[in-house]
Amino acid sequence: MFDQAVARPIDQIIAISRAYQEDPRDDKVDFGIGVYKDANGVTPVMRAVKAAEQRLIDTQMTKTYVGVGGDQKFVELLAKAVLPDHDYGTDMIGIQSIGGSGAVRVLAELALSLNPKANFWMPDPTWPNHRAIFGAVGAAMTTYPYPKFTADADIDAILQALDAAAPGDVVVIHGGCHNPTGVDPSREELGRLTEGIVARGLIPFVDAAYIGFGRGWDEDAARIAAIAERAPEMLLALSCSKNFGLYRERTGAALLVGKGHANLAAANSALLSLARANYSMPPDHGAAIVRMIFEDPELKAAWLAELKEMRETINGSRTALALALARAKQDRDWTYIDKGYGMFSLIDVTPEAAQTLREEHGVYIIPDGRMNIAGIDLSKIDEIAAKLVTAV
Ligand code: LMR
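Below, the structure is looked at part by part.

Procedures and definitions
Residues numbered from 1 in each chain as written. Predicted model: local features only at pLDDT ≥ 70, side-chain atom pairs only at ≥ 80, totals over all residues. Heavy atoms only, no water. Helix = DSSP H or I, 4+ residues; strand = E, 2+ residues; numbered from the N terminus. Near = heavy atom within 4 Å. Polar contact = N/O pair within 3.5 Å; in protein donor to acceptor, adjacent residues only side chain to side chain. Areas by Shrake-Rupley, 256 points an atom, 1.4 Å probe, with all protein chains shown as cover. Nonpolar A, V, L, I, M, F, W, Y, C, P; charged D, E, K, R; others polar. Axes fitted to C-alpha atoms, helices over the stretch in contact; angles between N-to-C directions. Contact = heavy atoms within 4.5 Å.

1. Regarding unusual backbone geometry
Then step 1. Of the consecutive residues Asp124 and Pro125, the connecting peptide bond is found in the cis state with omega at 10 degrees.
Then step 2. A cis amide bond, omega 25 degrees, links Asn179 with the succeeding residue Pro180.
Then step 3. On the secondary structure map, Pro180 appears in the loop between strand E5 (170–174) and helix H7 (187–199).
Then step 4. With a phi close to 55 degrees, Cys177 is a non-glycine residue in the positive phi region.
Then step 5. Inspection of the secondary structure puts Cys177 in the loop between E5 and H7.
Then step 6. Even without a glycine there, the phi angle at Arg250 is positive, about 50 degrees.

Okay, structure coming up:
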């Protein structure tokens, strides 16, 4: 049987991350995998997370199963933190998931099981694992155009592309800090996009992995609410990897959203069956931490303060890189990097140029030109910008 296996290339983000770790050069620069890094290049355990974790060790009396849907209180608190005007159980319901990716996977399986003909519309470009996940569940896929190297989201172009979608098709929308472009529509634009999606009979599928990294937790959540309040049905994948720094704890939620929708509970039972047949039950540790933070006002305030620090560090790095690139290459407009949101932005390079950057300069970007700007060493910013512009 194993003889039948053909070696497959690994996801390019994971491949770049691995290559960076194996590079012995001291002056290498990591623009690769999407993890937050502070000024020292460290991905910290957040202070509120450490405190909650300690409390958990001291008080946890059992490690028995938490159930197929995970810790329902965690799911409810997270869901309410994102959509405070939706009642849990009536307007939205869901399960704890294995990180944001696990939520995307189980929601995609659900959508396809409820409508096997659904075509999944993704932005081009998008996070490469979207294609891998939707392909793995057997979904048909199409893309809609998504702007890059600009600060403006062209909603009309997206809606024009969606004219070709059939009612019941699924439209994947990044829930903020678009990966890889950093280009985010405003709240109003998201409202208009959703109205166009609903008018075409399509289902929004929001993948929100960066709430709190864009404008602030409440402002970022309000952008998702702008979609939820207009869509009779919506799929929502939430990740706590970045905003709680819980990457390896695989913490997230898969939510079904629809104000007063009569069939939410039945749809959720289908979600539970899919989860049970897949991984049976989710891990608890990360969810228990997030729950504790949401339930304790002091921990919550500390977490929000640190999230703000992280966001401000990222935004400072965006500004610094845009200015350094403008110094290094003046005949281009780099302001889109400063005006974008979250950890990512693109630089206009070919995959070959990205490879040369890696091999000759030790600068690791994703072959599509994506840069994770968080954690860039500001003391070397001009040096780094000078290397980057050799590729454009
Ligand atoms: C990324 O886009 O780099 C992150 O979301 C990590 C991942 O799993 O790809």
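2. Points about the site of the ligand
Then step 1. Taken together, the neighbourhood of the ligand is formed by Ile13, Ile33, Gly34, Trp127, Asn179, Tyr210, Lys242 and Arg370.
Then step 2. One nitrogen or oxygen atom from the side chain of Trp127 is found 3.0 Å from an oxygen atom belonging to the ligand.
Then step 3. Here an oxygen atom of the ligand and a side-chain polar atom of Arg370 are 2.8 Å apart.
Then step 4. In isolation the ligand exposes 260 Å². Once the protein is present, 80% of that is buried.
Then step 5. Its residues placed into classes, the shell around the ligand shows 4 nonpolar, 2 polar and 2 charged.

3. A short note on the packing of helix H2 (residues 47–59) against helix H11 (residues 297–328)
Then step 1. Orientation of H2 relative to H11, taken along the N-to-C sense of each, is 145 degrees, at an axis distance of 8 Å. In this structure, H2 uses Arg47, Ala48, Ala51, Ala52 and Arg55 to contact H11, whose residues at the interface are Leu299, Ala302, Trp303, Glu306 and Glu309.
Then step 2. Per-class residue counts for the contact of H2 with H11 are 6 nonpolar, no polar and 4 charged.

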